[in-house]
Amino acid sequence: PFMIGILPIVCGSIGLYFSLFRSKSKNIHLYSALMLSIILLLVLRLIPFTLGVLFIGIVLAIFSAYFILWFDSYIVKTKFSNFSPFLITILIALIVGFSIIPSVNVIKSTEPVDKEYIRDFTWIRENTRPDAKILTNDSHFKNFKEAIFI
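Residues numbered from 1 in each chain as written. Predicted model: local features only at pLDDT ≥ 70, side-chain atom pairs only at ≥ 80, totals over all residues. Heavy atoms only, no water.

Caption draft 1: Structural detail: the packing of aromatic side chains. Evaluation of the coordinates by the stated rule reveals 8 aromatic pairs. Their ring planes at 55° and their centres at 5.2 Å tell us that Tyr17 and Phe21 sit as a pair that is tilted. You can see Tyr17 and its partner Phe21 sitting in helix α1 (residues 6-22), 4 residues apart, about one turn around the helix. For Phe21, a relative accessible area of 62% gives the class exposed. Judged by centre distance (6.4 Å) and plane angle (85°), the rings of Tyr31 and Phe63 are edge-to-face. One end of the pair, Tyr31, is in helix α2 (residues 26-43); the other, Phe63, is in helix α3 (residues 49-76), and 32 residues separate them in sequence. Given a relative accessible area of 24%, Tyr31 falls into the partly exposed group. Accessibility expressed as a relative area gives 0% for Phe63, which makes it buried. Taken together, the ring pairs in this structure connect Tyr17, Phe18, Phe21, Phe67, Trp70, Phe71 and Tyr74 into an aromatic cluster. (Phe/Tyr/Trp six-rings, centres within 6.5 Å; stacked < 30°, edge-to-face > 60°. Helix = DSSP H or I, 4+ residues; strand = E, 2+ residues; numbered from the N terminus. Buried < 20%, exposed > 50% of the residue type's maximum accessible area, 1.4 Å probe, protein only.)

Caption draft 2: Expanded view of the confidence of the model for the protein chain. Overall, the predicted model of the protein chain reaches an average pLDDT of 81, with 89% of residues at or above 70. Taking the mean pLDDT of every element in the protein chain, the minimum, 53, falls on helix α6 (residues 138-148) and the maximum, 91, on α2. (pLDDT = per-residue confidence, 0-100.)

Caption draft 3: Summary view of the layout of surface pockets. As a volume, the largest pocket reaches approximately 230 Å³. Lining the largest pocket are 15 residues, and of these Met3, Ile4, Val53, Leu54 and Gly57 sit closest to its centre. Considered class by class, the residues forming the lining of the largest pocket number 10 nonpolar, 5 polar and no charged. (1 Å grid on protein atoms, 1.4 Å probe; cavity = no way out; pocket = protein on both sides within 12 Å on 5 of 7 lines; lining within 4 Å. Points joined across faces, edges and corners; volume = space filled by probe spheres on them. Nonpolar A, V, L, I, M, F, W, Y, C, P; charged D, E, K, R; others polar.)

Caption draft 4: Region of interest: the pattern of salt bridges. Tallied over the full model, the rule gives 1 salt bridge. Measuring nitrogen to oxygen at the nearest pair gives 3.2 Å for the salt bridge that ties Arg129 to Asp131. Residue class for Arg129 comes out exposed when judged on its relative accessible area of 59%. Judged by relative accessible area, which is 51%, Asp131 ranks as exposed. (Salt bridge = Lys/Arg side-chain N within 4 Å of Asp/Glu carboxyl O.)

Encoded structure:
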């Protein structure tokens, strides 16, 4: 939950449950198959963990939308039907708020590119031909890709 957020996980799981067992839409089966395949790829370590969590977060966001639809139709059937727009607004605000917190944590944990690398890569960009090949090891290649876009 550190990269997705607890509320999207909860709303997405509830949305997955209600859409799988109470809906006959073929889109639901497609999204659930996508989620199962991502989980299988993660278990077999065929994709990196962060990429798998990213894709699971996207699928859970889709199922959260199904949860919001179900929640709205449920509220309309109860005595709280007058508060339906207000409750849906609060729910969406909570989902957005709890999704931003993990994003801020990820941003804080990333390390900035060293100024020495930026200076070196700027020199390379200014003093080499655009079609020049540059040999480097993997750790420097990551920083090189970052420096190209600076």
